[in-house]
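Below are the chains, spelled out letter by letter.
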Amino acid sequence: MENVFLKSPPVVQNPTANRFSVSWCVSGLATGWVEWGYDESLGNKAVSSHHGLIATDENFLSVPVVGIDENCRVYYRTATVAVKYHTAYEIEQGEVIYSNIYQIILPNRSADTFSMTVVNDTHEATAILKLFVKRVQEIKPDFHMWNGDACHSFNSHDQLGQVVLNPSDESDFSRSGGWAAERPLLYTLGNHERRGSHARSLCKAITPWTYEMSSLIKKVSQYYFVVRHGPVALVCLDSGEDKPDNREVFGNMADYEAYRKEQRDWLAVILKDPSVTSAKYIIAFVHIPLRPIDGANDGCRNEGYAFYSGECNKLWTKLLLEAGCQLIVSGHQHQVEYHPADDNYPINQLVGGGDKMEDAALIYLEATTKSLVLRVEDINQKILIQSEIRSKNSC
Ligand SMILES: [Fe+2]
């Protein structure tokens, strides 16, 4: 039988202190698993199964790895096997294709330091993404975040997979693991991620976060989540589309207004969780900026589109401020701007760059228990913005 081949490096996602998931793209019907352990001998195997069936897919494989000891370096590799059904009882399988062995660290509240890179609004600009992937590999941050608008729209499984799991469009994964094989990718959705005939398939490649409501009931919580590492809590939100739900262009298939309220209710609870309250720094990530701009479209009008999100601002800012959030990192405006907290808006608001070489920007956040430094650099690594954020206790 014809074997399948890998169409992306592994992309580590959904990290917590004792679990993560890995997604990757394949060229045809396949199944797969993740081998993992605390050194290169690995020794454990994780599979993705639902009601007893181990998952197969023609485009995306995604495996949750659970039960990891906290505060350990984890080694893993993916394994992929082509599957062909001749009859129900005659299933042919191809050779096992292994990825390289990679190592990652998972969120750890007691870590001394924290570092992350952030990009946004890359809109399938492969030339920019190749440079950013290389830069992230050089910086070696603990986490890498894609803060929305990775695409224009999702129009096929092939295109979706290439954009979100193989953004620099590589073909040889023996030499490059992309930007998220050796660190978790945190992904907050922009307005463009919900556009196109295949937008509803994004969850096969960029996996939503699952929260345990009880030992028996799990709730898939869409794309909003909290990550705590060292002195920093990351509160990651989903601002949805940039126009009201009732606009004709959405074909009566938009439900963001309820989704934003759901996140307000979640924020009211999660911001009181010890993982957030004990952090020295709280950084919120949301694709569309919350800081109002006089006269600009707030996304609630009958024409145009949001330059900032009036509705998210109304629902979320007060809760974030009361929790002591010091910084909101956004994109959407395709221009780098930093607005220190002032009378107009009480939280520092950083806005990242866009999909043209002259607008592209990479944000770098680095913290110890003593300081949090934010830097924004352009595509040539020229520093555009540098600022220090004071810890909650010293504000
Ligand atoms: Fe956007």
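Structure's up top.
Thresholds applied
Residues numbered from 1 in each chain as written. Predicted model: local features only at pLDDT ≥ 70, side-chain atom pairs only at ≥ 80, totals over all residues. Heavy atoms only, no water. Helix = DSSP H or I, 4+ residues; strand = E, 2+ residues; numbered from the N terminus. Rg over C-alpha atoms; globule rule 2.2 N^0.38 Å. Buried < 20%, exposed > 50% of the residue type's maximum accessible area, 1.4 Å probe, protein only. Contact = heavy atoms within 4.5 Å. Areas by Shrake-Rupley, 256 points an atom, 1.4 Å probe, with all protein chains shown as cover. Lys, Arg positive; Asp, Glu negative; His and termini not counted. Charge placed at Lys NZ, Arg CZ, Asp CG, Glu CD. Donors = N, O, S within 2.8 Å, 3.2 Å for Na, K, Ca; no water. Tetrahedral: all angles 85-135°; square planar, octahedral: opposite > 155°, others 65-115°. Polar contact = N/O pair within 3.5 Å; in protein donor to acceptor, adjacent residues only side chain to side chain.

Student: What should I look at first to understand the overall build of the protein in this one?
Tutor: Helix and strand content of the protein: six helices and 26 strands. For 395 residues, the compact-globule estimate of 2.2 N^0.38 gives 21 Å, and the C-alpha radius of gyration of the protein, at 21 Å, lies within 12% of that figure. Reported as C-alpha extents along the three principal axes, the dimensions of the protein are approximately 70 × 50 × 50 Å. The buried share of the protein, taken over its 395 residues, is 57%. Of the contacts formed within the protein by residues at least 6 apart in sequence, a portion of 70% connects residues at least 24 apart. When the accessible surface of the protein is split by element, carbon and sulfur atoms take 48% of a total near 17300 Å². Once the 37 positive and 49 negative side-chain charges of the protein are each reduced to a mean point, those two points are 4 Å apart.

Student: Whenever I open this one, the coordination of the iron ion confuses me. Can you help?
Tutor: Tetrahedral metal sites with four donors have an ideal angle of 109.5 degrees; octahedral sites with six donors have ideal angles of 90 or 180 degrees. Distances from the iron ion to its protein donors, D149 (OD), N191 (OD1), H287 (NE2) and H332 (ND1), fall at 2.1 to 2.3 Å. Taken together, the four donor atoms coordinating the iron ion span angles of 90 to 167 degrees at the metal, a pattern that classifies the geometry as irregular. Each donor residue of the iron ion lies on the same chain, and together they follow the pattern D-x41-N-x95-H-x44-H. Residue N191 is located in the loop between β15 (185-187) and α3 (202-205), and its partner H332 is located in the loop between β21 (327-330) and β22 (337-339); the two are separated by 141 residues in the primary sequence.

Student: How should I be thinking about helix α2 (residues 157-165) in this particular structure?
Tutor: Every α-helical turn comprises 3.6 residues, leaving residues that sit three or four positions apart pointing alike. Among the residues making up α2, those that are buried are Q159, L160, G161, V163, V164 and L165. On its buried face, α2 sits against β1 (11-13), β2 (20-25), β8 (60-65), β14 (143-146), β15 and α3.

Student: Is there a simple way to think about unusual backbone geometry in this case?
Tutor: For residues besides glycine, phi is generally negative; the peptide bonds are generally trans as well. Positive phi values are uncommon outside glycine, yet H51 reaches one of about 35 degrees. Residue class for H51 comes out exposed when judged on its relative accessible area of 73%. The backbone of N252 sits at a positive phi, close to 60 degrees, despite the residue not being glycine. On the secondary structure map, N252 appears in the loop between β19 (232-236) and α4 (256-270). According to the relative accessible area criterion, N252 is exposed, its value standing at 76%.

Student: Sorry if this is basic, but what is going on with the side chain of S48 here?
Tutor: Along the polypeptide, S48 turns up in the loop between β4 (44-47) and β5 (49-50). Residue classification places S48 among the buried positions, given a relative accessible area of 18%. A polar contact of 3.4 Å, which involves the side chain of S48, links it to the backbone oxygen of S62. Discounting chain neighbours no more than four positions away, the residues touching S48 are L53, I54, A55, S62, V63 and P64.

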